[in-house]
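Residues per chain, in single letters:
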Amino acid sequence: MIIYDIKNVVKTYPGQTQPANKNISLQISEAEIFGILGDNGAGKSTLVRQMVNLLASDSGSISLLGKNIVEAPYLVQMNVGYMPQESGALNNLTVGEALYFTSHLRGLSRADAQKECNYLLDLWQIRELRHKPSSRLSGGQRRLLRLAVAMAGLPPVLILDEPTNDLDPQRRKLVWDNLRQINQEQGTTIILITHDAIEAEKAIQRVGIMRAGELVAVGRPSELKQQVDRILRLELFFSPDSPPELPPSLTYIPLEPGHWQVLLEWAQVTSTLNSLNLDKIDDFRLYSATLEDLYLHYATQA
Ligand SMILES: Nc1ncnc2c1ncn2[C@@H]1O[C@H](COP(=O)(O)OP(=O)(O)OP(=O)(O)O)[C@@H](O)[C@H]1O
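The structure presented is a predicted model; accordingly, all values stated were derived computationally and were not measured. (Residues numbered from 1 in each chain as written. Predicted model: local features only at pLDDT ≥ 70, side-chain atom pairs only at ≥ 80, totals over all residues. Heavy atoms only, no water.)

(A) Structural detail: the pattern of salt bridges. Per the stated rule, a full pass over the model turns up 13 salt bridges. Residue Arg143 is joined to Asp166 by a salt bridge in which the shortest nitrogen-to-oxygen separation is 3.0 Å. On the criterion of sequence distance, the pair formed by Arg143 in helix α5 (residues 139–151) and Asp166 in the loop between β7 (157–161) and α6 (169–186) is long-range, its members being 23 residues apart. Notably, a salt bridge pairs Asp177 with Arg180, separated by 2.8 Å at the nearest N-O pair. Of this pair, Asp177 and Arg180 both sit in helix α6, three residues apart, which is roughly one turn of the helix. (Salt bridge = Lys/Arg side-chain N within 4 Å of Asp/Glu carboxyl O. Helix = DSSP H or I, 4+ residues; strand = E, 2+ residues; numbered from the N terminus.)

Next up, the structure:
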C-alpha cells in the first residue's frame, strides 16, 4: 500500500528567488524505512514540513493514504508522528507530562496513556528524567524526548527530522535499534532525514538524495551503489611466503607483505572467490561503495 504519494511539489519561500523544493515526486510504501539525505540547505526539512501540513506547497500535491492532505488534514493528525529538528512546544511540561499528555491527546485512555508513558521512558532510557522540565534538558536529551513524543500512541507513520543529531554513539545506536524494532514489530512506516549515512545504511530500505531542492536519486542503496561504482575491493590476507594464485585477468595492488587489494567488477566476484585456494588465505574482505560514497557522489555533483 502507498502511504505517501508526492507529486510535483514546488515550494519557494517568500522573498527567495530560488525554490527550496523543485518538482519533487516520490512514493513511500507501507512499512518501509525511507531515508532522506542531502547537504545543508538541500530542501529536506522543507519537504517533510510540507508532508505534515506545516508548510503549504506552491504547486503539486501530497496524498496520505490516498487523500490530499490539504483537503483531509485530519489524516496527518491521526496517522503521523512528526519529530521536528527543533521545538519549544513542550518546554512548560516535565518529560513525564509531555509523554502522558501527548499519548492521551492521541486517543489513549488515562490508564493507557500512563502505560505508554512508562513504556516510552524505558524504551528511550529517559526514566530518570521524568520529573525534569523539558526546558532544562540537554540537546541530546531533548532529542530523545522529541523522538518519544513523536512515537507516543504508536502512530502508523513516523517522520523524523535528524533523529540522531547531538547524540552520543551509544544513544545513536539506541535510536537505530529502536527504529528497526518498531518497524519490524509494528510495521511502522518511518521517513527520516539524516546526515548519519554510515549508520543509516543498516536501517533504511530506500534512500532519496536531495541536492539544491531536487530529488536527484531514489532507490535501494544496493541498486544505487551499482550505478555509481561497479568496482568492488577485495582484500586478501595471507602468509607472505605463500601468496595466492589469482586468475591471470586480475591485477592486484600489494598493500603490505601478506596483504593485497584486488579490484573486481561485480560479475567477477563469484568466479574469483571460487578460484581462490582458501586454505592458503588467512582472511579476506570484500567492500562495496558505502551509502556515504553514494551520498557524496549524488549530493555534491555540479
Ligand atoms: N523560513 C524560511 N524562509 C526563507 N528561506 C528558508 C526558510 N527555511 C528554509 N529556507 C531556505 O530553503 C532552503 C532549504 O532549506 P531546508 O531547511 O529545507 O534545508 P535542509 O536540507 O533541511 O538543510 P539542513 O540539513 O541544514 O537542515 C535553504 O536555502 C534555506 O535557506
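(B) Seen up close, α6. Taking 1.5 Å per residue, 18 residues should reach 26 Å; α6 reaches 25 Å between its end C-alpha atoms and fits that length. Of all the positions in α6, only Leu174, Val175, Trp176, Asn178, Leu179, Ile182 and Asn183 are classed as buried. Positive backbone phi, approximately 70°, marks Gly187, located one or two places after α6. (Expected span 1.5 Å × (residues − 1). Buried < 20%, exposed > 50% of the residue type's maximum accessible area, 1.4 Å probe, protein only.)

(C) A look at the sheet that holds strand β1 (residues 2–11). Spatially, four strands are ordered β2-β1-β4-β5 in an open sheet, and the strand pairing comes out antiparallel. Only two strands of the sheet have a single partner each, and these edge strands are β2 (21–29) and β5 (67–68). Strand direction decides the pairing type here: β1 and strand β4 (residues 59–64), joined by five bridges, are antiparallel. Counted as the bridge partner of Asp5 is Ser63 from β4. With respect to the sheet, helix α1 (residues 44–51) is in contact with β1, β2 and β4, its orientation differing from that of β1 by roughly 120°. (Pairing = 2+ DSSP bridges. Contact = heavy atoms within 4.5 Å. Axes fitted to C-alpha atoms, helices over the stretch in contact; angles between N-to-C directions.)

(D) Region of interest: the site of the ligand. Residues in contact with the ligand amount to 14 residues; listed here are only the nearest, Gly41, Gly43, Lys44, Ser45 and Thr46. One nitrogen or oxygen atom from the main chain of Gly41 is found 2.8 Å from an oxygen atom belonging to the ligand. Gln85 has a polar side-chain atom sitting 3.2 Å from an oxygen atom of the ligand. For the ligand, whose unbound accessible area comes to 640 Å², protein coverage reaches 61%. Of the residues belonging to the shell around the ligand, the class tally is three nonpolar, eight polar and three charged. (Near = heavy atom within 4 Å. Polar contact = N/O pair within 3.5 Å; in protein donor to acceptor, adjacent residues only side chain to side chain. Areas by Shrake-Rupley, 256 points an atom, 1.4 Å probe, with all protein chains shown as cover. Nonpolar A, V, L, I, M, F, W, Y, C, P; charged D, E, K, R; others polar.)

(E) The arrangement of the nonpolar core in detail. Leu99, Trp124, Ile126 and Leu160 are the most contacted members of the largest nonpolar core, which totals 48 residues. Looking at which element gives the most residues to this core, the answer is α5, with seven residues. Looking at which domains feed residues into this core, each of domain 1 (2–219) and domain 2 (225–300) gives three or more. Filtering out sequence-adjacent residues up to four positions away, Ile126 remains in contact with Val95, Leu99, Leu120, Leu121, Leu144, Leu145 and Ala148. Residues Val9, Ile28, Leu64 and Leu75 belong to the second largest nonpolar core, which totals 27 residues. (Core = buried A, V, L, I, M, F, W, Y, C linked by side-chain atoms within 4.5 Å. Domains from an automatic or database assignment.)

(F) Representation of a nonpolar patch on the surface in the model. A contiguous nonpolar patch, built from Ile231, Ile253, Leu255 and Leu263 and spanning about 300 Å² of accessible area, is present on the exposed surface. For Ile231, the position within the fold is in strand β11 (residues 231–238). (Patch = residues over 30% accessible without salt bridge, like charges linked within 9 Å, V, L, I, M, F, W, Y side chains within 5 Å.)

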